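Each chain, written out:
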Amino acid sequence: SWTVHAVCLGAKRYWACALEELPPILRSFPRDKPVAILDAYDVVLFPCSRSIVDEYRAYGRDIVWAADTTCFPNHKVCKSCEDRYATDSSEMQACHKFPNLNGGCYMGSPRAL
């Protein structure tokens, strides 16, 4: 089971509030326990047979971000896949499916976050 911590619930200045409230919450977890940060405005987790923790660990990275097909709120600030990766790289192939980070959902160990 997962413990849920509501941080900056309904805050108009979410990022400023999160910078203040998240560090002490993250320090309260074991350093290597996976933690998911969700903005909850447009993120919903549905039950399924796969484990979100297993999916996270399969990437073998300290932090895993959700990805999106659009660059929101300002598409002009996002670089194209071609500007970021070599033409024949595996990163380029993956980039075209979901080229943009989605800050509304990321997961990692408290140490990494």
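What you see is a predicted model, and the numbers here were worked out from it, not measured in a lab. (Residues numbered from 1 in each chain as written. Predicted model: local features only at pLDDT ≥ 70, side-chain atom pairs only at ≥ 80, totals over all residues. Heavy atoms only, no water.)

### Here's the deal with the sheet that holds strand 1 (residues 35-38)
Thinking step 1. Ordered in space as 1-3-2, the three strands form an open sheet in which the pairing is antiparallel. Taken across any chain shown, the strands that pair with only one partner, and hence form the sheet edges, are strand 1 and strand 2 (63-68). Here the strands of the sheet are splayed against their neighbours by 35° on average, with no regard to which way each runs.
Thinking step 2. Relative to strand 3 (residues 100-108), strand 2 runs antiparallel, the two being bridged by six bridges. If you follow Val-64 over to strand 3, its bridge partner there is Met-107.
Thinking step 3. The strands touched by helix 1 (residues 14-27) are strand 1 and strand 3; relative to strand 1, the strand with the most contacts, the crossing angle is about 165°. (Pairing = 2+ DSSP bridges. Helix = DSSP H or I, 4+ residues; strand = E, 2+ residues; numbered from the N terminus. Axes fitted to C-alpha atoms, helices over the stretch in contact; angles between N-to-C directions. Contact = heavy atoms within 4.5 Å.)

### Some points on the environment of Asp-32
Thinking step 1. Following the sequence through the fold, Asp-32 ends up in the loop between helix 1 and strand 1.
Thinking step 2. Remark: the alpha-carbon pair of Asp-32 and Ser-109, spanning 77 residues in sequence, is separated by 4.9 Å.
Thinking step 3. When residues no more than four places from it in sequence are discounted, the contact partners of Asp-32 are Ser-109 and Arg-111.
Thinking step 4. Within polar-contact distance, the side chain of Asp-32 engages the side chain of Arg-111 at 3.4 Å. (Polar contact = N/O pair within 3.5 Å; in protein donor to acceptor, adjacent residues only side chain to side chain.)

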